[in-house]
Amino acid sequence: MSDEAPAPGPAPQRIPDRLAHDLKTPLATIHGYAMTLLDQKDLPEESRRWLLEVIARECEGMTRMIDDLREAPGR
């Protein structure tokens, strides 16, 4: 037997911190772009469409992340 401590795995308290970061980043993008769309009524259609496409992509990424969490082992 070895007297060495087992190698540390991911600290359970760090998982919520990482998850919070991984969700807050796209939420900040979505919020910022939505506010731009609301505040700047005279944006060209091409710019509006680009902002909406980014919002849609960020939402899709968050949905995948949540689905992955729901399918994670040990849940």
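Residues numbered from 1 in each chain as written. Predicted model: local features only at pLDDT ≥ 70, side-chain atom pairs only at ≥ 80, totals over all residues. Heavy atoms only, no water.

**Q** I would appreciate a short explanation of the overall build of the protein chain in the present structure.
**A** In terms of regular secondary structure, the protein chain is built from two helices and zero strands. Relative to its full complement of 75 residues, the protein chain shows a buried share of 11%. Accessible surface computed for the protein chain: about 6600 Å², of which carbon and sulfur atoms make up 57%. (Helix = DSSP H or I, 4+ residues; strand = E, 2+ residues; numbered from the N terminus. Buried < 20%, exposed > 50% of the residue type's maximum accessible area, 1.4 Å probe, protein only. Areas by Shrake-Rupley, 256 points an atom, 1.4 Å probe, with all protein chains shown as cover.)

**Q** Explain helix α1 (residues 14-39) to me, please; I cannot follow it from the model alone.
**A** The periodicity of an α-helix, 3.6 residues per turn, causes residues three or four places apart in sequence to face the same way. Its 26 residues place the ends of α1 37 Å apart at the C-alpha level, agreeing with the 38 Å of an ideal helix rising 1.5 Å per residue. Considered for burial, the residues of α1 that qualify are Pro26, Ile30 and Leu37. Its buried side turned inward, α1 meets α2 (45-70). (Expected span 1.5 Å × (residues − 1). Contact = heavy atoms within 4.5 Å.)

**Q** Would you take a moment to explain the packing of α1 against α2 for this structure?
**A** For any two helices packed against each other, one specifies the crossing angle of their axes together with the interaxial distance. Between α1 and α2, the least distance of the axes is 9 Å, while the angle of their chain directions is 155°. Between α1 and α2, the angle falls in the class roughly antiparallel. The handedness of the crossing between α1 and α2 comes out as left-handed. Contact residues: Leu19, Asp22, Leu23, Pro26, Leu27, Thr29, Ile30, Tyr33, Ala34, Thr36 and Leu37 in α1; Arg48, Trp50, Leu51, Leu52, Val54, Ile55, Glu58, Cys59, Met62, Met65 and Leu69 in α2. For the contact of α1 with α2, a count of residues per class yields 17 nonpolar, two polar and three charged. (Axes fitted to C-alpha atoms, helices over the stretch in contact; angles between N-to-C directions. Parallel < 35°, antiparallel > 145°, perpendicular 65-115°, else oblique. Left-handed = near helix turned anticlockwise from the far one by under 90°. Nonpolar A, V, L, I, M, F, W, Y, C, P; charged D, E, K, R; others polar.)

**Q** Would you mind going over the nonpolar core with me for this structure?
**A** As a rule of thumb, nonpolar side chains are buried together in soluble globular proteins. Core analysis: the biggest nonpolar cluster contains six residues, these being Ile30, Leu37, Leu43, Leu51, Ile55 and Met62. Only α1 and α2 provide two or more residues apiece to this core. In terms of residue count, α2 provides more of this core than any other element does, three residues in total. Excluding residues that lie within four positions of it along the chain, Ile55 makes contacts with Ile30, Tyr33, Ala34 and Leu37. (Core = buried A, V, L, I, M, F, W, Y, C linked by side-chain atoms within 4.5 Å.)

**Q** How should I be thinking about α2 in this particular structure?
**A** Taking 1.5 Å per residue as the helical rise, α2 with its 26 residues ought to reach 38 Å, and the 37 Å between its terminal C-alpha atoms agrees with that figure. Taken together, the buried positions of α2 are occupied by Leu51, Val54, Ile55 and Met62. Looking at the buried positions of α2, the neighbouring elements they touch are α1.

**Q** So what exactly am I meant to see when it comes to the environment of Thr25 here?
**A** You can see Thr25 is positioned in helix α1. Residues Thr25 and Glu58 lie 33 residues apart in sequence; the distance between their C-alpha atoms is 9.3 Å.

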